[in-house]
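# Per-entry structural report
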Amino acid sequence: MKKLRQPTSLQCFACGRKNPFGLKLEWFNNYDEKQVEATFTLDDNYCSYPGTVHGGILATILDETSGRAVLLGNDFNRLMVTLKMEVLYKHNTPTNTPLKAIGRVLKDGGSRAQVEGEIVLPDGTISAKCTSILYKIPQAVKDKWGPEEEEEWARTTPQVEK
């Protein structure tokens, strides 16, 4: 199974390497399954009720994972923002448990995309899922990236044949 690690940033809550409060997750392109994947375990610092991951944290992971699905084409500068996201919480998601996040593209229209994401428990049960509509990132948002963020993204961007 061919997988390729996606780039990271410095301050992003989901993937930022230097964000002291961040999740520091890593995503991989799984070309065989046509999806983006991240595996992780969240401790009790991310709970709502004891032993249960907070729904807002799950929504963040679903947002980032489904949004990164558009990077499956290896254009790692094709960043998008979420216009709309609907989350369905299906089952309790326990803390201190290995979890997997999966993101897929449902429809790609160039400047817009429809994507989906899932949080999967060790037994294969989907605990939460989302569908989202993405839009190309506004230039005003891109302009706020400083040189350090640009350097980190470039440094961690894999070199691939297109």
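Here's a quick rundown of the structure. Since the model is a prediction, treat every value here as computed from it, not as a measurement. (Residues numbered from 1 in each chain as written. Predicted model: local features only at pLDDT ≥ 70, side-chain atom pairs only at ≥ 80, totals over all residues. Heavy atoms only, no water.)

## A closer look at a negative patch on the surface
Residues D143, E148, E150 and E151 make up a contiguous surface patch of negative charge. If you trace the backbone, D143 turns up in the loop between α2 (139-142) and α3 (147-156). (Patch = residues over 30% accessible without salt bridge, like charges linked within 9 Å, V, L, I, M, F, W, Y side chains within 5 Å. Areas by Shrake-Rupley, 256 points an atom, 1.4 Å probe, with all protein chains shown as cover. Salt bridge = Lys/Arg side-chain N within 4 Å of Asp/Glu carboxyl O. Lys, Arg positive; Asp, Glu negative; His and termini not counted. Charge placed at Lys NZ, Arg CZ, Asp CG, Glu CD. Helix = DSSP H or I, 4+ residues; strand = E, 2+ residues; numbered from the N terminus.)

## Points about the sheet that holds strand β4 (residues 80-89)
If you trace the seven strands from one edge of the open sheet to the other, you get β1-β2-β3-β5-β6-β7-β4, paired in antiparallel fashion. Every interior strand has two partners, whereas the edge strands, β1 (3-5) and β4, have only one. The mean angle between the axes of side-by-side strands here comes to 25°, regardless of whether they run parallel or antiparallel. Bridge count for strand β5 (residues 98-108) against strand β6 (residues 112-120) is eight bridges, and the pairing is antiparallel. (Pairing = 2+ DSSP bridges. Axes fitted to C-alpha atoms, helices over the stretch in contact; angles between N-to-C directions.)

## So, unusual backbone geometry
You will see that K24, though not glycine, has its phi angle at about 55°, which is positive. You can see K24 is positioned in the loop between β1 and β2 (28-30). Looking at K24, the relative accessible area reads 34%, which means it is partly exposed. (Buried < 20%, exposed > 50% of the residue type's maximum accessible area, 1.4 Å probe, protein only.)

## Describing α3
When α3 is considered as a whole, its buried residues turn out to be E149, E152, W153 and T156. Summarising the axial view, the buried residues of α3 lie within an arc of 95°, below the 170-degree limit, and thus occupy one face. Set apart from the buried face of α3 by more than 90 degrees, the exposed residues are P147, E151 and R155. Along its buried surface, α3 packs onto β1 and α1 (55-68). (Arc of directions from axis to C-beta. Contact = heavy atoms within 4.5 Å.)

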